[in-house]
Structure formats: C-alpha cells, structure tokens
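# Coordinate inspection notes
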Amino acid sequence: MDGLMMDFSLTLPALLRRAETFFGNAVIATRLPDKSFHHYTYADMTSRARQLAVALQRAGLERGDRVATLCWNHYQHLEAYLGIPSGGFVLHTLNLRLHPDDLAYIASHAGDRAVIVDRSLVPLLERFRERTPIENVFVVEDSYEELLAGADPAEWRDPELHENEAAAMCYTSGTTGRPKGVVYSHRSTWLHTLGVAAVGPLDFNISQRDVILPVVPMFHANAWGYPYIATMLGAKQVYPGPHLDPESLLDDFEQEGVTVTAGVPTIWMGILQLLDANPGRWDLSALRAMLVGGSAAPRAMIAGFKQRHGLHICHGWGMTESSPVASLSDLHPDLASGDIDIRFDFQAKQGIPLPLIEWRVRDDAGNEVPWDGVSMGELEMRGPWVAAGYYDTPEQADRWTPDGWFKTGDIVSMHPRGYMQIQDRSKDVIKSGGEWISSVALENQLMAHPAVAEAAVIAIPDDKWFERPLAAIVLKEGATATGEELREFLEPHFAKWWLPDRYEFVAEIPKTGVGKFRKTALREQFVQEQQPA
Ligand code: AMP
C-alpha cells in the first residue's frame, strides 16, 4: 500500500518564495572591496534573484544551461546561488584559486555559457575565457547591474522543475587525471540544507535569531550550504568579500554581531593567534559557535579557543561529493557534560554522520573493519546528498562500489560510539589552507625536467597551512639541478601556492611491491627530520 501524501518537488524556487514571503526584513551585510559595508534586505535580495533569473532567460539561456560564477563571498553571489537555479539554470561556481589552465578545462568541460565575475577577477577570466564556450560575461557592480536593470522581477515564473534536475555544480581536483564535476540536484540541495540545519551540536542549533558569516568560500562546495541554510531560516547573513585576514574577520564578527561562522582550520589558527596576542580587543560575546572543517581541526586549537576565549568549535567533515557536509562532532549528552579533556578528544574527531548519511569502513580486501577505535580502513558513504557519479567522467566510475557506496579515499578508524577519525588519505593529494594541490601533477612536471630521474611530492605538516608540498628528487646520473631551478621550471604551469617549498635530493624513492612510490615512508622520513631534536 502506498502512502497518500503529495509528491511535492524539492526545488529552490520554494526557498526563494519562503525567503521573500516571511523574511523580507532580514538583513544581508557584505564587506565591499573598499572595506566599507553594504547592507540590504532579503526583500531586495530575492527581488534581484528573480531579476537575474528573468534576465538570463532574456539573454537566450535555456533550461539546464550552465552559468558560472567567479566571485568572492558577497551579496551578488548569494543572488546567483538563488537566482540561477530558480531560473532553471545550473549554477557553476569556479574556484578562483585554480590555475587558468585548470579553469579553462573546467569551464569547457561543464559547457558554461555565461559567467558572473568580480571586477577584480576579470584579469584572471581573460587568461582562460577564450578557451571556453562562455559567451556572456557579466561583471559585478558593472554589466551585472545593467543585466538586472533590464529585467522586471514580476516577470519571473516558476519553471516547475523536477527535483532531480541539476541546480549547481562544483569541480573537485583529484589524485589523477582532470578535475571532476559534482552535479547537485534541487532535491539534494534541499535535503542537505535541512540535514545540516537539523543537527545542533552543543547548543549550536541555528535559527532565525542567528547572524551567520560563512568564511568558507562560496566557490568551494556551496560554502558548506550556509547561504541556503541561512536563507531557509531567515537569519541575518554577513559576507566578508575578499577580506579574509584574521583582523578583518574579527572586525566583521564584532561590528555585525556574528553568532555563527564557518571555515577551514587555517583561518581559525590565524584568528586564535591574533586573539591570544590581543586579549579583550574584540567584543565577541555574540559569537556562539565556529564550524571548522575541510582539514582536521587540531585538538589544541579547539581547547585553545574554549579555554582562553570561551569560544566553541564544532568540527565537521565532508567532501565536495557530499554537498559537502556529511558529519559533525555532535557529542552524546554524557560526553558533552563529561570531563573536559575527553570532550576535547571527541571534538577533535570528525564526528557522527548527519541523518540520512550512512557509512561503512572496509579494508583492502573488502572486509568491513570493526568499530573499535583502532582498526583502519577506507570510509565509504551513501545518502541523498552524496554524488552518484561525476559529470561526463566515466573513467572514474570505480569510485563507487557495485552496491552503490562512494569510496571517499579517506582512511579512518571508528570509535565504538560511532565517531569517525581520519587517520590518513589514500588519495595522493595535499590540502593547503583548505584547497587541494595535486601531487601527481607536480610530479609529472618535475619529471619532465631534463635532470630529474624521479620525483615524489608529499604533504608535510605546516603550522599555518596544515599541509605544504615537499618534493623528493632523484637526479639522473651526472646531472645537477638546484631547488631554485626546479621551482622556476614549475612556475609557469601551476598557481604559485602549489609550488613545493622544499626540494630534497635523495638517492632513491622507496617503492611498494608493485613499484608505486611508498609515500608513507618518505613522509615519515621528512616529518621526523622536521621535528626539533
Ligand atoms: P573537498 O572535496 O575539497 O571538500 O575535500 C574533501 C576532503 O577533505 C575529505 O575527503 C578529507 O580528506 C578532507 N577533509 C574534510 N574535512 C576534514 C576534517 N574535518 N578532517 C580531516 N580531513 C578533512
């Protein structure tokens, strides 16, 4: 017997309607490039989002067409988050930290037809646009305003999308091969929004009374869903624009009365240092919780914020492939009220899954490993906001198991009470300041140097960036090269922050039985060397 309930499609126009009907007076604040603040209301934002949807139709775009953004976090980007999918188009956020060659590939592979770009990022766009199908360029505070001015919000009609149609896409860089496109549906976006908003670790539940500032970039995995979550709740939103230094962020927190914020550990380490050096300089009494993820939040940082500044960190884990939030360090009541040291131990783990996210851990032989807090295996997950495949990338189909689980590439152990802890990564990537660096791409280029016989690039722990690349080099017999020369050789091909800081010349690179680089051995060697005696 079937249930007798409405088959109501979960689509983003419903979010737009809710925001304008109930939260018209709520405020959205943005720190502009000149550092002044721009304020307007949800009524303004939703009206402009409608105008954007109408204008894109007028510009000749059709249902399902991809519209890219190349933008920092600001109110116009929020308009794009709502307006593009509500017009039936697909929002494609481009990562402004990538090399123009990668952006050219990504925008072409996705088939982007238009782009909304920050004025300060036009020079970057010009370095790759000709290699893409982008026809229309709308510059924020410039031709973007003209685009909106020509459209009447009243003309917007709900395109009556099916909930499984694409709403947005985001590319993730990987170990091998090209970046891969994750395509979010309207349904997955709604369910992720509800799922993240539903979990309230240690008084973290967010509501209409909150003031939410996502530091996490809107070009990286939906800014963890916060623009949609805040809009659904009707909370005040604050966007930092391009000003992500600790001092500007602390000023934002104080001036706008921020209660909840979210970002990668590198940001919070900088903030902690500044607070330690200037106790009492900022009034952060409104700040209730800081969500930290993207890389492991160190226990000492979690404890430092709590013990020295009374600030609460909520640790989360996820991936572009999971929209991205999949788990939060929600503490069981006995842990939350228990010994503070045990509490910090659990907060430093990557948490328990959100409702509807399921996971299992398997070893190389495919056997599930026990949840004993010690045994390790690869984490696999499934759920309604987990990708079922990459866009037009059939060679990556083996990232999914035959029975439908996604292989995360994270090597984890599970505490008997369900808390996941990341122990290692099976993917050859380095995460520096929250963004990926492909070790394989660097190795390939290094090995193109005439003096280099072999090169392995590994992640070395770093106080500020959490990981930085180190290149271990075997020179060809009789050949010579310096680290400086190799750096110059890499420079034209990669973004500056990708370039290894250290070049170590070694006699050989340790290998596994099948001849692959044994990076764990290299890592041990160089990490040990780095430790003070
Ligand atoms: P991305 O797709 O760029 O969001 O990266 C996802 C990956 O970042 C995960 O598979 C992990 O390797 C890593 N990651 C994300 N959150 C955490 C966390 N809290 N602790 C450790 N690693 C994390």
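Source: prediction; values computed, not measured.

Taken residue by residue, helix α11 (residues 299–309) has Met301, Ile302, Ala303, Gly304 and Phe305 as its buried positions. Looking at the buried side of α11, the elements it contacts are α10 (265–277), β12 (289–292), β13 (313–318) and α13 (340–347). Just downstream of α11 lies Gly310, where phi reads positive at about 65°.

To continue, consider the domain arrangement of the protein chain. Taken domain by domain, the protein chain consists of domain 1 (12–353 + 409–414) and domain 2 (428–530). A C-alpha centroid distance of 32 Å is found between domain 1 and domain 2. Summed over both sides, the interface of domain 1 with domain 2 buries roughly 1500 Å², with 57% coming from carbon and sulfur. Here domain 1 is connected to domain 2 by 0 salt bridges. Counting the contacts that link domain 1 with domain 2 gives 6 residue pairs in polar contact (both at pLDDT 80 or more). If you tally residues by element for the side of domain 1 that touches domain 2, the top one is α10, at 3 residues. Residues belonging to the side of domain 1 that touches domain 2 are distributed by class as follows: 7 nonpolar, 11 polar and 1 charged.

Time to look at the site of the ligand. In the vicinity of the ligand lie 18 residues, with Gly316, Thr320, Asp410, Lys427 and Trp436 positioned nearest. Trp436 has a polar side-chain atom sitting 2.8 Å from an oxygen atom of the ligand. Considered on its own, the ligand offers 500 Å² of accessible surface; in the complex 96% of this is hidden by protein. The set of elements that each furnish at least two residues to the shell around the ligand consists of β13 and β19 (420–425). Here the element with the most residues in the shell around the ligand is β13; it accounts for 4 residues.

Glancing now at the state of the cysteines. Applying the stated criterion across every chain yields a total of 0 disulfides. With no disulfide partner, Cys71 has as its closest neighbouring cysteine sulfur the one in Cys170, 14 Å distant. By relative accessible area, Cys71 is classed as buried at 1%. For Cys170, a relative accessible area of 3% gives the class buried.

Relative to the assigned elements, His192 resides in helix α7 (residues 186–198). Residue His192 is classed as buried on the basis of its relative accessible area of 2%. Put simply, His192 and Gly225 are 33 residues apart on the chain and 7.3 Å apart in space, counted from C-alpha to C-alpha. Residue contacts for His192: discarding those within four places in its chain leaves Trp224, Gly225, Ser322, Ser323, Pro324, Val325 and Trp385.

Residues Leu70, Tyr226, Phe253, Trp268 and Phe305 are the most contacted members of the largest nonpolar core, which totals 143 residues. When residues of this core are assigned to their parent elements, the largest contribution, 8 residues, is made by helix α2 (residues 42–58). If near-sequence neighbours (up to four positions away) are discounted, Phe253 is found in contact with Leu213, Val258, Thr261, Trp268, Ile271, Leu284 and Leu287. Judged by nonpolar contacts, the second largest core, of 19 residues, contains Ile437, Leu442, Leu446 and Leu499.

With that settled, consider the packing of aromatic side chains. Taken as a whole and assessed by the stated rule, the structure comprises 12 aromatic pairs. Between Trp497 and Trp498, the aromatic rings sit 6.2 Å apart at their centres with planes inclined by 70°, giving edge-to-face as the arrangement. On the basis of relative accessibility, which here comes to 24%, the residue Trp497 falls in the partly exposed class. A residue is classified by how much of its surface remains accessible, and Trp498, at 6% relative accessible area, is buried. One aromatic cluster in this structure is built from Phe22, Phe23 and Tyr42. Cation over ring: Lys349 sits above Phe346, and NZ or CZ is 5.3 Å from the ring centre.

The subject of this paragraph is the pairing of β19. Here strand β18 (residues 406–414) pairs with β19 via 5 bridges, running antiparallel. When the bridges of β19 are listed, Ser413 appears paired with Gln421. Between β18 and the antiparallel strand that follows it, β19, lie 5 residues; Gly418 among them carries a positive phi value of about 100°.

Here the focus is the sheet that holds strand β16 (residues 358–362). As summarised here, the arrangement of the 4 strands in space is β16-β17-β18-β19, forming an open sheet in which the pairing is antiparallel. Of all strands in the sheet, those bounded by a partner on one side alone are β16 and β19. Taken pair by pair, the neighbouring strands of this sheet meet at an average axis angle of 50°, ignoring direction.

Negative phi values dominate among residues other than glycine, just as trans dominates among peptide bonds. Residue Pro324 is bonded to the preceding Ser323 through a cis peptide linkage, with omega at 10°. Structurally, Pro324 can be placed in the loop between β13 and β14 (325–328). For Glu141, which is not a glycine, the phi torsion comes out positive at approximately 65°. Following the sequence through the fold, Glu141 ends up in the loop between β6 (136–139) and α6 (143–149). One non-glycine residue with positive phi stands out, namely Leu356, at about 80°. Within the secondary structure, Leu356 is located in the loop between β15 (352–353) and β16. Relative accessible area serves as the criterion here: at 57%, Leu356 is assigned to the exposed category.

Cut-offs applied
- Residues numbered from 1 in each chain as written.
- Predicted model: local features only at pLDDT ≥ 70, side-chain atom pairs only at ≥ 80, totals over all residues.
- Heavy atoms only, no water.
- Buried < 20%, exposed > 50% of the residue type's maximum accessible area, 1.4 Å probe, protein only.
- Helix = DSSP H or I, 4+ residues; strand = E, 2+ residues; numbered from the N terminus.
- Contact = heavy atoms within 4.5 Å.
- Domains from an automatic or database assignment.
- Buried area = accessible area lost by both parts, 1.4 Å probe.
- Salt bridge = Lys/Arg side-chain N within 4 Å of Asp/Glu carboxyl O.
- Polar contact = N/O pair within 3.5 Å; in protein donor to acceptor, adjacent residues only side chain to side chain.
- Nonpolar A, V, L, I, M, F, W, Y, C, P; charged D, E, K, R; others polar.
- Near = heavy atom within 4 Å.
- Areas by Shrake-Rupley, 256 points an atom, 1.4 Å probe, with all protein chains shown as cover.
- Disulfide = S-S within 2.5 Å.
- Core = buried A, V, L, I, M, F, W, Y, C linked by side-chain atoms within 4.5 Å.
- Phe/Tyr/Trp six-rings, centres within 6.5 Å; stacked < 30°, edge-to-face > 60°.
- Lys NZ or Arg CZ within 6 Å of the ring centre and 35° of its normal.
- Pairing = 2+ DSSP bridges.
- Axes fitted to C-alpha atoms, helices over the stretch in contact; angles between N-to-C directions.

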